[in-house]
Amino acid sequence: MCGFGRLRYASLFSQPPNSPGRSGLRVGLTGGLGSGKSTVAAMLAAHGAEIFSADELARSLMQPGQPVFTAIVDRFGPEVLRADGTLDRAALARLAFVGGRIEELNAIVHPATIALQEKLTSEAFARERDAIVIVESALIFETRYGNADPHQRAANEESKSWRTRFDRLILVTAPEEEKIARFIARSGAPENDTAREALTSEARRRLAQMIADAEKSPQCDYIVRNDGTLDQLRDHVDRVWRALRAVASEPAN
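Residues numbered from 1 in each chain as written. Predicted model: local features only at pLDDT ≥ 70, side-chain atom pairs only at ≥ 80, totals over all residues. Heavy atoms only, no water.

1. Some points on the nonpolar core
The biggest cluster of nonpolar side chains holds 21 residues, and the ones touching the most others in it are Leu29, Val40, Leu44, Ile132, Ile170, Val224 and Leu244. For this core, the elements supplying multiple residues, two or more each, are strand 1 (25–31), helix 1 (37–47), strand 3 (132–136), strand 4 (168–173), strand 5 (222–225) and helix 10 (230–248). With 7 residues, helix 10 is the single largest residue contributor to this core. Beyond its immediate sequence surroundings of up to four residues, Ile170 is in contact with Val27, Gly28, Leu29, Thr30, Leu44, Tyr222, Val224, Val240 and Leu244. Met62, Ile72, Leu87 and Ala96 belong to the second-largest nonpolar core, a separate cluster that totals 17 residues. (Core = buried A, V, L, I, M, F, W, Y, C linked by side-chain atoms within 4.5 Å. Buried < 20%, exposed > 50% of the residue type's maximum accessible area, 1.4 Å probe, protein only. Helix = DSSP H or I, 4+ residues; strand = E, 2+ residues; numbered from the N terminus. Contact = heavy atoms within 4.5 Å.)

Take a look at the structure:
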């Protein structure tokens, strides 16, 4: 450990982690809301890692004309559309999170996003065999959709499906109050105490829906504690990067 709708997808795992004939490294970077994982991702990108953000990929798949977009509208109805025909993400979030329909949304978005992650990862290795490819995702542990084949899903969950996708896992942690403060800050300055309380409640609700860091930590290879200065965080990330480079340079099994 380091202290410092109905959619079809091609097979995702044609070349599993640590398989013969493949060098490079597939890394999962995760952390709860407000943990600072995007900051860590940017630092790793500066070292030369190829970063794929699950949020950004999902957003691209939710654009009009995409199968995911169509499936969402079919499932949740026209009330999730803006006047210009794009998704009203706030309305969709209310239906999914507050309305108790998050698994319906995840069943549409997660398989497609994971499939795109795998496609882009394979393309990155084709360009550079010893690349370190990092998928930044808050829900690596929470998602039920680590395999495109629903018949394999149950067995895949029992064997910890994230280990079929990644060679190494990084967890970014922070105290809960710091996570909440960061969420409020990036949501814009609250106009009054009522708005601040609403954002605080929203942050706590989202955090409660995620697996606690204490449960994730034993499953991860590197823990980055983001509870100090930016320079301290950068130092932790530098150490993790050196460790990843050392693993990537090892001969393939």
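Let us keep going from here.
2. Considering the layout of surface pockets
The computed volume of the largest pocket comes to approximately 1400 Å³. Lining the largest pocket are 45 residues, with Asp55, Phe97, Ala138, Leu139 and Arg206 positioned closest to its centre. Contributions of two or more residues to the lining of the largest pocket are made by helix 1, helix 2 (54–61), helix 4 (89–98), helix 5 (102–127) and helix 7 (176–186). Within the lining of the largest pocket, the residues separate by chemical class into 17 nonpolar, 15 polar and 13 charged. (1 Å grid on protein atoms, 1.4 Å probe; cavity = no way out; pocket = protein on both sides within 12 Å on 5 of 7 lines; lining within 4 Å. Points joined across faces, edges and corners; volume = space filled by probe spheres on them. Nonpolar A, V, L, I, M, F, W, Y, C, P; charged D, E, K, R; others polar.)

3. Digging into the packing of helix 3 (residues 67–76) against helix 5
Two elements in contact, helix 3 and helix 5, have axes separated by 10 Å at closest approach and are oriented at 175°. By the angle class used here, helix 3 and helix 5 are roughly antiparallel. From helix 3, Val68, Ala71, Ile72, Arg75 and Phe76 reach across to helix 5, where they touch Glu104, Leu105, Ile108, Val109 and Ala112. A per-class count over the contact of helix 3 with helix 5 returns 8 nonpolar, no polar and 2 charged. (Axes fitted to C-alpha atoms, helices over the stretch in contact; angles between N-to-C directions. Parallel < 35°, antiparallel > 145°, perpendicular 65-115°, else oblique.)

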